[in-house]
Amino acid sequence: MKKGISICATVLFLSCGMYFTFDKGSASSEYVIDKKTSEEVSEINKKIVETELIEKIVTELKERGYSPHGGAAYTIYSANKQLLTIPMYDIDLKNKEMPNKITAIIDEVIIENNFNSFEVTIEKAEH
């Protein structure tokens, strides 16, 4: 059940990100992509799904004693601009050491799976 919710949340977040990316007529759209970049984004998204990258990140965090809330959300703008947001329970965002350790773990998983680096945002999840 939780996995289904996290997958739905990820798809929703990605869809919103892609909507604003592809919405060329929108005044609020700051980033408009061409056909080549659109194809890159589609390939990266396909690779994320095929490699189960988000699930691997969540599993690795849990194995190292952290408490991610379900899954993570990502937005791909291009091969060089990729964002990942992960909600975490029991995290003190004022203590920079913990978010830095979590980001390092996420970076390890990303590199192991042959992705370019992501800009990682960690959010505090409420119980």
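Note: the structure precedes this text.
None of these values were measured; they are calculated from a predicted model.

Colleague: Whenever I open this one, helix H2 (residues 35-51) confuses me. Can you help?
Modeller: The periodicity of an α-helix, 3.6 residues per turn, causes residues three or four positions apart to be oriented the same way. Helix length check: H2, at 17 residues, gives a terminal C-alpha distance of 24 Å against a target of 24 Å (1.5 Å per residue), a fit within 8%. By the burial criterion, the buried members of H2 are Thr-37, Val-41, Ile-44, Asn-45, Ile-48 and Thr-51. Taken end-on, H2 shows its buried residues confined to a sector of 145°, consistent with a single buried face. The outward face of H2, more than 90 degrees from its buried face, is lined by the exposed residues Lys-35, Lys-36, Glu-43, Val-49 and Glu-50. Its side-chain oxygen placed 3.3 Å from the backbone nitrogen of Lys-36, Asp-34 serves as the N-cap of H2. Glu-52 occupies a position one or two residues after H2 and carries a positive phi of about 55°.

Colleague: Looking at this structure, how should I read the packing of aromatic side chains?
Modeller: How two aromatic rings sit relative to each other is given by the distance of their centres and the angle of their planes. Scanning the entire structure with this criterion turns up one aromatic pair. Taken together, a centroid distance of 6.3 Å and an interplanar angle of 65° make the contact between Phe-115 and Phe-118 edge-to-face. According to the relative accessible area criterion, Phe-118 is buried, its value standing at 7%. One Lys or Arg, Lys-47, reaches over the ring of Phe-115 and ends 4.5 Å from the middle of that ring.

Definitions and limits used
Residues numbered from 1 in each chain as written. Predicted model: local features only at pLDDT ≥ 70, side-chain atom pairs only at ≥ 80, totals over all residues. Heavy atoms only, no water. Helix = DSSP H or I, 4+ residues; strand = E, 2+ residues; numbered from the N terminus. Expected span 1.5 Å × (residues − 1). Buried < 20%, exposed > 50% of the residue type's maximum accessible area, 1.4 Å probe, protein only. Arc of directions from axis to C-beta. Polar contact = N/O pair within 3.5 Å; in protein donor to acceptor, adjacent residues only side chain to side chain. Phe/Tyr/Trp six-rings, centres within 6.5 Å; stacked < 30°, edge-to-face > 60°. Lys NZ or Arg CZ within 6 Å of the ring centre and 35° of its normal.

Bear in mind that shape data such as this cannot, by itself, settle questions of function.
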